[in-house]
Structures are given as C-alpha cells and as structure tokens.
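Observations on the model geometry
Next come the chains, spelled out residue by residue.
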Amino acid sequence: MELIFNAEALRPPVTGVGHYTYHLLEQFLQMEDVDVVHCFSGGSWRDGETQLAISAGQMAQEQVDTGSASEFVQKVRSAIGGIPGSRLLYRRIADARFARQANKLSGAVYHETNFVLKPYAGPSVVTVHDLSHIRHPEFHQKRHVQLLDLELPRSIARADHVVVDSHVVREELLDHFDLPAQRVSAVYAGCDERYRPRQEGDCASVLGPLGLDYGKYVLMVATLEPRKGIDTLLTAWQALPPALREEYTLVLAGSSGWRNEEVMRTLEAMIAAGGVQYLGYADTDILPRLFSGAAVFAYPSVYEGFGLPVLDAMASGVPVVCRQGTSMAEFSRGTCVLCESGEAGELATRLAALLEDAGMREQVARRQQSVAAEFSWRRCAEELVAIYRQLL
C-alpha cells in the first residue's frame, strides 16, 4: 500500500495537527501493510523516513528554542499571511506542486490530516478535527473562518472518506453536511507512551529549575486563546479558599494565541501577586514530567475535537477537571471530574473538592488511567489503514 501525506502541518512550531500527523507517520513506517509513504512538505517531496527524521530534528530544535522564539515565528507567519492575497497565492502554488507529482501516484491513498484536501485524482481521506469555526466562529480569526467556510465543504464532497476525532464531531458533521453516514468514521487519537505516572525523583530535573513542588500545583496546558477557557480558570482560581491558593500553585503552559490581551493582563497581575506561573511554550521533552508532577489538571475548554492534553493527563495519573458534553467527556467515559456549566464558580468548587481530598484524587486518577491505557497511536494507525484498504 502506498500513502500520500501532506506534511505541511509538521513545520515548526508544531501544533496539535502536527503532532497528530507526526505520530501517524511514525506508525505507518513501522507497519507491514504500508510499503511507502510519500510526503509533501509544501516546497518539495520526501520519502516518509526522510520526512520523519527532519521533523524529529525540528521538534528537537523547538525544545532548545525558547517560547518567545516560537511565538516570534508565529508572529512573522501571521504578518506575512496578513498581506492581502498572500495566503491564497501560497495555497495555489502549493496545490499545483502537489498535484503535479501526486497524480503520477494515482494508485496511492492520499490522507490529508489538516481539513483541506489538495487536488488528487486517486482515493482520498481527510481528517476534520473539529467544527469550531462553525460552532464558535467568535473564537477564530475572520480569515480562518472564511477559508474553512469556503474550502471545507469542497473537501468533504471530494473525499472518499472523512475521519473525525470523536463521535461528538461526527454527529456535528452529519448534522451540518449532506453526506452518507458510512463515509464518516470517528477514529480516536493516541497517547504518547512517555505520558505515564512518575515518582517525585523522576520529575525533579524538570520541576526543580521551574521552582515547582511535586504534587503541589494545578496545571493547564493550552494555547492562550479564547476557546480554551483560560479566563474561566483564572476567575475560578481567585475564588478558591486562600489556604488552598497558598498550598498550591496555578501553572499555565502554552504559546500565546490571539485575542488574549485581557487574559494576559489578568494573568500578569496574578503572577505579580504570587502563586501563579506562566511558563510560555513548553517543549515535548518537559511536558511528560510536568504533567506527572501535577496534583490536578484543569482543562475548561469550551470546545475541542478531541482534547489530547486531557488524555495525556489521564495517562500520567493526574485527575482531570473538564466540561460535560465535550469530546473529552466522551473519550474519558465520564472518569474525569466534569463541570456541567462553563461557570467559574462550578469549576472552583470542583477544583477545591479535589485539592482538599487526596483519596478522591487517587480514585479519579486510577479510573482515568484504566481508560487511557486503551489509547495508542498504533491502534489509531491500524484503524486508518483498515479504511485505506476498503478504498483500494
């Protein structure tokens, strides 16, 4: 079996779609059913092994770079993308390069992991990670919403099969678009094996330099943007009893997103007052130990196609607080502590209950770990290969 992968999502700084693409490429290269993977990087074509090696090196470099450097790259890209017509011109040039080579491989299956299919005459699969631009357009830049409003219906109509990350998104997709149910499959993402429970000594090399104490902080890892619920978490933290805020630290990690000026002002004031830390972009080498050392993981995101940080925390043996009715509540099978509303007061109540009761934290973590153990990138890749096989 020959596969075509669009590897543009692997360009640094690597986001959630990039990690999804990287882990699948890594798995496909180890599978007997897959003979070769052709990767398109936007400017050139590479075999899968070369692309994986390059991407691994770039991700390692991200671990050396500071968060401000990653944010600088994002700002430069955003500035260039803000030039009228620049994004459209880039897409057209990239599409032409892709089609010229891909259509010589008409016997291959093309899997687009990032919403919008490129031109290809052979069988194609597209992953639609979420419909947040439809459900919550206020959480996105206008040009991003316009692009997906235009291109996503075309991709869904052209694709031989559509993959989504959860049944929540599958139902939304079927409700919003006119397509047969048998053409849409929910395939859960996997969990990196590095996310697992760790003892205090194993986390010291990461927590020590950050000034954090094992089991004495509440963690959230997310891009600081509106739909992640950062404002709700900050308000909830301020509502906790003073004794809890003295005993525990609130730690936020993630790149700075967009439309977060008010959140950043609040965050800076809370940091100045003490008991709150913002780490900025946290690299993939630090994250597994940062997760394992937390007392609680808070993720009040309004909407996610999957919510990989929640799965990472579950696998790390850390109790999670997130929202009811989301994809996180779905794949965790209710083992997380769930907030029925998006209100900061309810989140504060749930956090306080966990922080005040070590037995409760242990019980929730144990239930979550048993569920998280069923998720792997190998299983995800095998389910996708079964779909490819049906198309061929």
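Here, every reference points to the structure presented above.
**Concerning the side chain of Glu151**
Along the chain, Glu151 falls in helix 6 (residues 142–158). Residue Glu151 is classed as buried on the basis of its relative accessible area of 16%. Leaving out residues up to four positions away in the same chain, Glu151 has contacts with Arg91 and Val116.

**Examining the sheet that holds strand 13 (residues 337–339)**
Taking strand neighbours across the sheet as the criterion, the 6 strands line up as 10-9-8-11-12-13 in an open arrangement whose pairing is parallel. Each edge of the open sheet is held by one strand with a lone partner, namely strand 10 (276–278) and strand 13. Looking at each pair of strands side by side, their axes are set apart by 20° on average, direction ignored. When strand 8 (residues 217–221) meets strand 9 (residues 249–253), the two strands line up parallel, connected through 5 bridges. Bridge pairing links Tyr217 to Thr249 in strand 9. Here helix 15 (residues 344–355) sits on the sheet in contact with strand 8, strand 11 (296–299), strand 12 (320–323) and strand 13, set at roughly 165° to strand 13.

**So, the packing of helix 1 (residues 16–28) against helix 17 (residues 377–391)**
Axes are the key here: two packed helices are described by the angle between their axes and the distance separating the axes. At a minimum axis distance of 9 Å, the contact between helix 1 and helix 17 shows a crossing angle of 75°. Comparing their axes, helix 17 and helix 1 come out roughly perpendicular. Between helix 1 and helix 17, the contacting residues are Tyr20, His23, Leu24, Gln27 and Phe28 on the first element and Trp377, Arg378, Cys380, Ala381, Leu384, Val385 and Tyr388 on the second.

**Looking at the sheet that holds strand 5 (residues 124–128)**
Ordered by their spatial adjacency, 7 strands build an open sheet running 3-2-1-4-5-6-7, and the pairing between neighbours is mixed. Only two strands of the sheet have a single neighbouring strand rather than two, namely strand 3 (45–47) and strand 7 (184–186). Looking at each pair of strands side by side, their axes are set apart by 25° on average, direction ignored. As paired strands, strand 1 (residues 2–6) and strand 2 (residues 36–40) are joined by 5 bridges and run parallel to one another. Within strand 2, the position partnered with Leu3 by the bridge is Val37. Those strands touched by helix 1 are strand 1, strand 2, strand 4 (109–112), strand 5 and strand 6 (161–164), and its axis lies near 160° from that of strand 1. Running over the sheet, helix 4 (residues 86–102) touches strand 1, strand 2, strand 3 and strand 4 and is turned about 50° from strand 3.

**Quick notes on helix 7 (residues 167–176)**
Considered for burial, the residues of helix 7 that qualify are Val169, Arg170, Glu172 and Leu173. What you see down the axis of helix 7 is that its buried residues fit within an arc of 165°, all on one side. Those residues of helix 7 that are buried are in contact with strand 5, helix 5 (132–135), helix 6, strand 6 and strand 7.

**Points about the packing of aromatic side chains**
Under the counting rule described, the total for this entry stands at 16 aromatic pairs. Here Tyr188 and Phe306 contribute two aromatic rings whose centre-to-centre distance is 6.1 Å and whose plane-to-plane angle is 55°, an arrangement assigned as tilted. Remark: Phe306 occurs in the loop between strand 11 and helix 13 (308–315) and Tyr188 occurs in the loop between strand 7 and helix 8 (200–210); sequence separation between them is 118 residues. Classification of Tyr188 as partly exposed rests on a relative accessible area of 22%. Between Phe331 and Phe375, the aromatic rings sit 5.8 Å apart at their centres with planes inclined by 65°, giving edge-to-face as the arrangement. Taken together, the residues span a long stretch of sequence, with Phe331 in helix 14 (residues 327–331) and Phe375 in the loop between helix 16 (358–372) and helix 17 at a distance of 44 residues. One exposure class covers both Phe331 and Phe375, and it is buried. Put simply, the rings of Phe40, Trp45, Phe98, Tyr110 and Tyr120 touch in pairs and so form one group of aromatic residues. Taking NZ or CZ as reference, Lys216 lies 5.1 Å from the ring centre of Tyr248, over its face. Lying across the ring of Trp258, Arg259 places its NZ or CZ 5.4 Å from the centre.

**A short note on the environment of His144**
Looking at the secondary structure, you find His144 in helix 6. Judged by its relative accessible area of 33%, His144 falls in the partly exposed class. Along the sequence, His144 and His133 sit 11 residues apart, while their C-alpha atoms lie 7.9 Å from each other.

Conventions used here
- Residues numbered from 1 in each chain as written.
- Predicted model: local features only at pLDDT ≥ 70, side-chain atom pairs only at ≥ 80, totals over all residues.
- Heavy atoms only, no water.
- Helix = DSSP H or I, 4+ residues; strand = E, 2+ residues; numbered from the N terminus.
- Buried < 20%, exposed > 50% of the residue type's maximum accessible area, 1.4 Å probe, protein only.
- Contact = heavy atoms within 4.5 Å.
- Pairing = 2+ DSSP bridges.
- Axes fitted to C-alpha atoms, helices over the stretch in contact; angles between N-to-C directions.
- Parallel < 35°, antiparallel > 145°, perpendicular 65-115°, else oblique.
- Arc of directions from axis to C-beta.
- Phe/Tyr/Trp six-rings, centres within 6.5 Å; stacked < 30°, edge-to-face > 60°.
- Lys NZ or Arg CZ within 6 Å of the ring centre and 35° of its normal.

Fair warning: the whole summary comes from geometry, so function is off the table for now.
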